[in-house]
Amino acid sequence: MSQDAVESTEQVLEEHEQHKSALMDIRPLKVTAYRRLWVGNGVSFFGFQFTSVAVPVQMYAITHSSAWVGLIGIAGLVPLLIFGLWGGAAADVVDRRKLLLASSTLAWLSTVGLLIQALVGARSGYLLLGLTAIQSAGFAVSSPARQAIIPRIVPRHLVPSANTLSYTTTTA
């Protein structure tokens with residue numbers, strides 16, 4: 001978004017400042033680009049949390065082993081730690097939009113893979129571990145890029161409110 005567009009958005013939002021919510025400042029949602037990002041984040045985090053419950057249940061149904069369920073946690077944690085650090089550094093160096101699109105696509109494709117393997121009845125613990133690790137890596141890279149992109153799409157004075165809304169969406 002160009003600086004002129006950001007300044008124009010700032011003026012429009014300042015005119016509507018009297019409509020603040022008593023509970024939370026939702027003015028950043030008036031910025032179209034931020035609203036799209038916020039809704040997309042909400043859907044994405046819902047899906048990520050859904051799979052974090054469904055996959056261990058499916059793993060136990062396949063293997064009848066708590067150890068395999070524990071491996072799902074490791075398969076999700078290790079890529080999150082490794083690629084989370086890398087994703088933060090990459091978000092500072094490369095085009096954030098392209099990084100966000102690529103990493104989100106990777107996470108989405110792995111989620112689709114989890115769905116397909118469940119629908120076709122592929123009873124493989126190794127496949128679940130691999131898809132979980134890929135999904136976690138995509139999520140780890142996209143998260144810093146999502147946060148780093150916010151100051152570029154909302155006016156400066158709305159960045160704290162936009163960050164609060166984004167945080168609330170990911171923790172609700």
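Everything here concerns the structure above.
The structure presented is a predicted model; accordingly, all values stated were derived computationally and were not measured.

Right, let's talk about a nonpolar patch on the surface for a bit. Together, L71, I74, L77, V78, L80, L81, I82, F83 and W86 make up an exposed nonpolar region whose accessible area comes to about 820 Å². The topology assignment puts I74 in helix α3 (residues 66-93). Looking at I74, the relative accessible area reads 48%, which means it is partly exposed.

Counted according to the given criterion, the structure contains 1 salt bridge. Between R27 and D25 there is a salt bridge, and its shortest N-O distance comes to 2.6 Å. D25 sits in the buried class, given a relative accessible area of 19%.

Counted at 1.5 Å a residue, the expected span for α3 with its 28 residues is 40 Å, and the 41 Å between its end C-alpha atoms agrees. Where α3 bends most, the angle comes to about 30°, and this point is F83. Among all positions of α3, only I72, A75, G76, P79, G87, A90 and A91 are buried. Buried positions along α3 lie against α2 (32-63), α4 (96-120) and α5 (125-153). Of the residues flanking the start of α3, the one acting as N-cap is S65, its side-chain oxygen 3.2 Å from the backbone nitrogen of A67.

Rules used in this analysis
- Residues numbered from 1 in each chain as written.
- Predicted model: local features only at pLDDT ≥ 70, side-chain atom pairs only at ≥ 80, totals over all residues.
- Heavy atoms only, no water.
- Patch = residues over 30% accessible without salt bridge, like charges linked within 9 Å, V, L, I, M, F, W, Y side chains within 5 Å.
- Areas by Shrake-Rupley, 256 points an atom, 1.4 Å probe, with all protein chains shown as cover.
- Salt bridge = Lys/Arg side-chain N within 4 Å of Asp/Glu carboxyl O.
- Helix = DSSP H or I, 4+ residues; strand = E, 2+ residues; numbered from the N terminus.
- Buried < 20%, exposed > 50% of the residue type's maximum accessible area, 1.4 Å probe, protein only.
- Expected span 1.5 Å × (residues − 1).
- Bend = angle between axes of the 7 residues up to and from the residue.
- Contact = heavy atoms within 4.5 Å.
- Polar contact = N/O pair within 3.5 Å; in protein donor to acceptor, adjacent residues only side chain to side chain.

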